[in-house]
Amino acid sequence: DGRRRGGGGGDDDGESEEQLEEQSLREYQRASQGLDAALVAGQAPPTELIEARDAALPLLSDADLQAEYERMTAVYLDEATPPRLRGAAEMGLIRLGDLLETPRAQRAAVARRAEAARREAMAASEAAAAESEKARREQQEQREANEQAHAR
């Protein structure tokens with residue numbers, strides 16, 4: 001597409017900014033299309049699509065953010081837009097406006113910190129679940145041992 005891309009520099013993985021922006025755009029578009037379809041169908045948007053869209057949005061290039069702002073404005077102003085989709089577009093426009101006022105590097109840094117925090121929380125949750133399952137198994141084993149001891 002004819003959108004201008006940001007350039008220069010790379011992230012910690014050696015991935016170029018342009019590659020990151022392209023990947024983020026694809027992920028954002030995939031999630032947004034799924035969310036829009038759910039809203040038009042009158043369904044609750046899947047949480048995983050909301051999270052994917054929200055994670056990709058701040059990583060978009062300035063040009064892609066501007067293009068999305070224009071697309072969402074058109075959706076919001078179109079009288080044929082279903083009410084739920086119009087409401088989502090209105091909220092999206094507010095968020096996009098804030099992001100457009102924030103420098104790309106700052107948006108990316110905030111997004112990376114949020115992703116790291118999300119991963120830490122997920123790892124902690126998984127560890128807690130594993131510990132809980134271990135305790136449950138130990139209680140079950142103890143209960144079975146007690147039943148065997150009292151059955152004699």
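Residues numbered from 1 in each chain as written. Predicted model: local features only at pLDDT ≥ 70, side-chain atom pairs only at ≥ 80, totals over all residues. Heavy atoms only, no water.

**So, the overall build of the protein**
And step 1. Scanning the protein from terminus to terminus reveals five helices and zero strands.
And step 2. Relative to its full complement of 152 residues, the protein shows a buried share of 24%.
And step 3. Of the contacts formed within the protein by residues at least 6 apart in sequence, a portion of 62% connects residues at least 24 apart. (Helix = DSSP H or I, 4+ residues; strand = E, 2+ residues; numbered from the N terminus. Buried < 20%, exposed > 50% of the residue type's maximum accessible area, 1.4 Å probe, protein only. Contact = heavy atoms within 4.5 Å.)

**Examining a negative patch on the surface**
And step 1. Residues Glu131, Glu138, Glu141, Glu144 and Glu147 make up a contiguous surface patch of negative charge.
And step 2. Accessibility expressed as a relative area gives 52% for glutamate 147, which makes it exposed. (Patch = residues over 30% accessible without salt bridge, like charges linked within 9 Å, V, L, I, M, F, W, Y side chains within 5 Å. Areas by Shrake-Rupley, 256 points an atom, 1.4 Å probe, with all protein chains shown as cover. Salt bridge = Lys/Arg side-chain N within 4 Å of Asp/Glu carboxyl O. Lys, Arg positive; Asp, Glu negative; His and termini not counted. Charge placed at Lys NZ, Arg CZ, Asp CG, Glu CD.)

**Some words on the packing of helix α3 (residues 62–77) against helix α4 (residues 83–100)**
And step 1. With their axes 9 Å apart at the nearest point, α3 and α4 run at an angle of 150 degrees to one another. Relative to α4, α3 is oriented roughly antiparallel. As α3 packs across α4, the resulting crossing turns out to be left-handed. Of the residues in α4, those in contact with Asp62, Leu65, Gln66, Glu68, Tyr69, Met72, Thr73, Val75 and Tyr76 of α3 are Leu85, Arg86, Ala89, Glu90, Gly92, Leu93, Leu96, Gly97, Leu99 and Leu100. (Axes fitted to C-alpha atoms, helices over the stretch in contact; angles between N-to-C directions. Parallel < 35°, antiparallel > 145°, perpendicular 65-115°, else oblique. Left-handed = near helix turned anticlockwise from the far one by under 90°.)

**Concerning the nonpolar core**
And step 1. Formed by 14 residues in total, the largest nonpolar core has its most connected members in Tyr28, Leu57, Leu60, Leu65, Met72 and Leu96.
And step 2. Broken down by secondary-structure element, the contributors of at least two residues to this core are α1 (17–40), α3 and α4.
And step 3. In terms of residues, this core owes the most to one element, α4, which gives five residues.
And step 4. Contacts of leucine 57, omitting those with residues within four sequence positions, involve Tyr28, Leu65, Arg95, Leu96 and Leu99. (Core = buried A, V, L, I, M, F, W, Y, C linked by side-chain atoms within 4.5 Å.)

**Thoughts on the layout of surface pockets**
To find leftover empty space, one rolls a probe the size of a water molecule over the atoms.
And step 1. Here the second largest pocket defines a volume of roughly 310 Å³.
And step 2. As for the second largest pocket, its lining consists of 20 residues, and the residues nearest its centre are Arg53, Met72, Ala88, Ala89 and Gly92.
And step 3. For the lining of the second largest pocket, the secondary-structure elements that each account for two or more residues are α1, α2 (47–56), α3 and α4.
And step 4. When residues in the lining of the second largest pocket are grouped by element, the largest group, six residues, is from α4. (1 Å grid on protein atoms, 1.4 Å probe; cavity = no way out; pocket = protein on both sides within 12 Å on 5 of 7 lines; lining within 4 Å. Points joined across faces, edges and corners; volume = space filled by probe spheres on them.)

**Points about the pattern of salt bridges**
And step 1. Following the criterion strictly, the structure yields 13 salt bridges and no others.
And step 2. Residue arginine 53 is joined to aspartate 54 by a salt bridge in which the shortest nitrogen-to-oxygen separation is 2.9 Å.
And step 3. Take aspartate 54: its relative accessible area is 27%, and that puts it in the partly exposed class.
And step 4. Close ionic contact of glutamate 115 with arginine 119 constitutes a salt bridge, the shortest N to O distance being 3.1 Å. Here glutamate 115 pairs with arginine 119, and both are found in helix α5 (residues 104–151), just four residues apart, close to one helical turn.
And step 5. Each of Glu17, Glu21, Arg104 and Arg112 takes part in salt bridges that share partners, so that together they form one network.

**What about the confidence of the model for the protein?**
Reading fine detail from the predicted coordinates is not recommended where pLDDT is low.
And step 1. For the protein, per-residue confidence averages 87 on the pLDDT scale, and residues scoring 70 or more make up 89% of the total.
And step 2. α5 is the least confidently modelled element of the protein, averaging 89 in pLDDT, while α3 averages 96, the highest of any element.
And step 3. Under a pLDDT of 50 for its full length, residues 1–14 has, in the predicted model, 26 contacts with residues more than four places off or in other chains. (pLDDT = per-residue confidence, 0-100.)

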